[in-house]
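Chain by chain, the residues:
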Amino acid sequence: MNTSTLLTLWYKKNMRDLPWRQVKNPYVIWVSEIIMQQTRIAQGLPYFNRFIDKFPTVEHLANASIDDVLLVWQGLGYYSRARNMHQTAQTIVADYKGMFPKTAKQLQKLKGIGEYTAAAISSFCFNEKVPAIDGNVYRIISRIYDVREPVDKAKGKTLIYDLVSQLLPVQNCGDFNQALMDFGAMVCTPRQASCNICPLASQCQAKLKGTVEERPIKSKITKVRQRYFMYLLVTDGKNILIQKRDNNDIWKGLYELPLFELEKSMEVDAFLNLPEVKAGLPPKPMVLLDDFEPASHKLSHQTIHAKFLLFGSASLPKINGYKSILISNFDDYAFPKLIERYLNGRIKKIMKTKIWGSIKSL
DNA sequence: AAGTCGGGGCC
DNA sequence: GGCCCAGACTT
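Residues numbered from 1 in each chain as written. Chains lettered and ligands numbered in written order. Predicted model: local features only at pLDDT ≥ 70, side-chain atom pairs only at ≥ 80, totals over all residues. Heavy atoms only, no water.

1. What to know about the pattern of salt bridges
Two side chains that carry opposite charge are able to pair once their charged atoms sit near each other.
Argument step 1. Tallied over the full model, the rule gives 12 salt bridges.
Argument step 2. Of the charged contacts, one joins Asp-182 and Arg-16 as a salt bridge, the two residues approaching to 2.7 Å between their closest N and O atoms. A residue pair is termed long-range when its members are at least 10 positions apart, and Asp-182 in helix 11 (residues 173-186) and Arg-16 in the loop between helix 1 (3-14) and helix 2 (26-36) qualify at 166 residues.
Argument step 3. The class of Asp-182 is buried, set by a relative accessible area of 0%.
Argument step 4. For Asp-146, the salt bridge is made with Arg-148, and the minimal N-O distance between the two is 3.9 Å. (Salt bridge = Lys/Arg side-chain N within 4 Å of Asp/Glu carboxyl O. Helix = DSSP H or I, 4+ residues; strand = E, 2+ residues; numbered from the N terminus. Buried < 20%, exposed > 50% of the residue type's maximum accessible area, 1.4 Å probe, protein only.)

Below, the structure is given as structure tokens:
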């Protein structure tokens, strides 16, 4: 039996029961694909359900505010996905009469829809015969054919594209593409692949040569930047200051506490004596009530070494660019995980202590 | 072509 | 600590 038939048969028996598997609604498929980019199903699933619940149609999404979209996205990461989705929803409503285009080529013109997602939507919903090549496919094809070309370079990408294109069945191409996803997630996994139950084991070149664990080959090495953040939580016991991140940096569009970024790690005392800090701090009377250093916050490309300083102030100063909100309402705003943990953890505990009550008498 | 963009799970 | 996950965009 040929490779694609074996994979399709395996899929019919073993397919995962995912909420978007029962529908051919391009909006729902689109939402699922964007949310799942670079994300494990288990992590993305609750976000998908909340997202569809909150924005059941492309019109709901188009009419929402970006802050509301980011609030649903909070904690998932890669926030440009949410910003691009919001923009594309508005494009679909304004320029496409609320209907998604049906070909991969047209879909790829939309913001946030690249080659993979365009192929996924058009093949899943409209059965277009195009390969949807994601990380699973790079891995599976690299193993079946024992590809030694790095898959993160143009030559390797083209090779994988050609190889998987030859496997595409004429009919039910969408099912075949989804079969590869599930097969990669359940059998041909990155580590400890289940070759013992693999229907392709006898024809898998990597299995025959013993190179399964070494495929696919990747050439890139990600360099991790170290960053040092000093966050200030300034409060009168009731309100806090926050700001929106609008520059071209991580967490764009999310809210955060007033921030000083430092070149290197610094003790709290030294930090407070910096001229720019003295000048930037709100006027007295203000008192340092707590300092806290969580474990370093690791992103794929940056490690954030953060410290949080809690300041009590008799009255909350008005500073340009900052917004004053009720601390009890902080979950109405989308924060990075690093901030959200601090507010929900350390600060919630402190709020129940005498220290917190004493702020009000400053 | 290389760099940037999150967070979490697993080894 | 490193790798990977239903990748795309910017430079």
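Anyway, onward from the coordinates.
2. Here's the deal with a negative patch on the surface
Argument step 1. A surface patch of negative charge is lined by Glu-267, Asp-269, Asp-291 and Glu-293.
Argument step 2. As for its placement among the helices and strands, Glu-293 is situated in the loop between strand 5 (286-292) and strand 6 (297-298).
Argument step 3. Judged by relative accessible area, which is 52%, Glu-293 ranks as exposed. (Patch = residues over 30% accessible without salt bridge, like charges linked within 9 Å, V, L, I, M, F, W, Y side chains within 5 Å. Areas by Shrake-Rupley, 256 points an atom, 1.4 Å probe, with all protein chains shown as cover. Lys, Arg positive; Asp, Glu negative; His and termini not counted. Charge placed at Lys NZ, Arg CZ, Asp CG, Glu CD.)

3. A word on the domain arrangement of chain A
Argument step 1. Per the domain assignment, the segments of chain A are domain 1 (3-214) and domain 2 (225-359).
Argument step 2. Here the C-alpha centre of domain 2 lies 38 Å away from the C-alpha centre of domain 1.
Argument step 3. Between domain 1 and domain 2, the contact holds eight residues from the first and 14 residues from the second.
Argument step 4. Between domain 1 and domain 2, a total of about 860 Å² is buried, with carbon and sulfur atoms accounting for 57% of that surface.
Argument step 5. In terms of surface lost to domain 2, no three residues of domain 1 exceed Leu-71, Gln-74 and Tyr-79, which account for 48% of the buried area on that side.
Argument step 6. Counting across the interface, domain 1 meets domain 2 through one salt bridge.
Argument step 7. For the salt bridge of Asp-67 with Lys-244, the shortest nitrogen-to-oxygen distance reads 2.5 Å.
Argument step 8. One can count four residue pairs in polar contact (both at pLDDT 80 or more) joining domain 1 with domain 2.
Argument step 9. Looking at which element gives the most residues to the side of domain 1 that touches domain 2, the answer is helix 5 (residues 66-73), with three residues.
Argument step 10. Considering only residue class, the side of domain 1 that touches domain 2 consists of four nonpolar, two polar and two charged. (Domains from an automatic or database assignment. Contact = heavy atoms within 4.5 Å. Buried area = accessible area lost by both parts, 1.4 Å probe. Polar contact = N/O pair within 3.5 Å; in protein donor to acceptor, adjacent residues only side chain to side chain. Nonpolar A, V, L, I, M, F, W, Y, C, P; charged D, E, K, R; others polar.)

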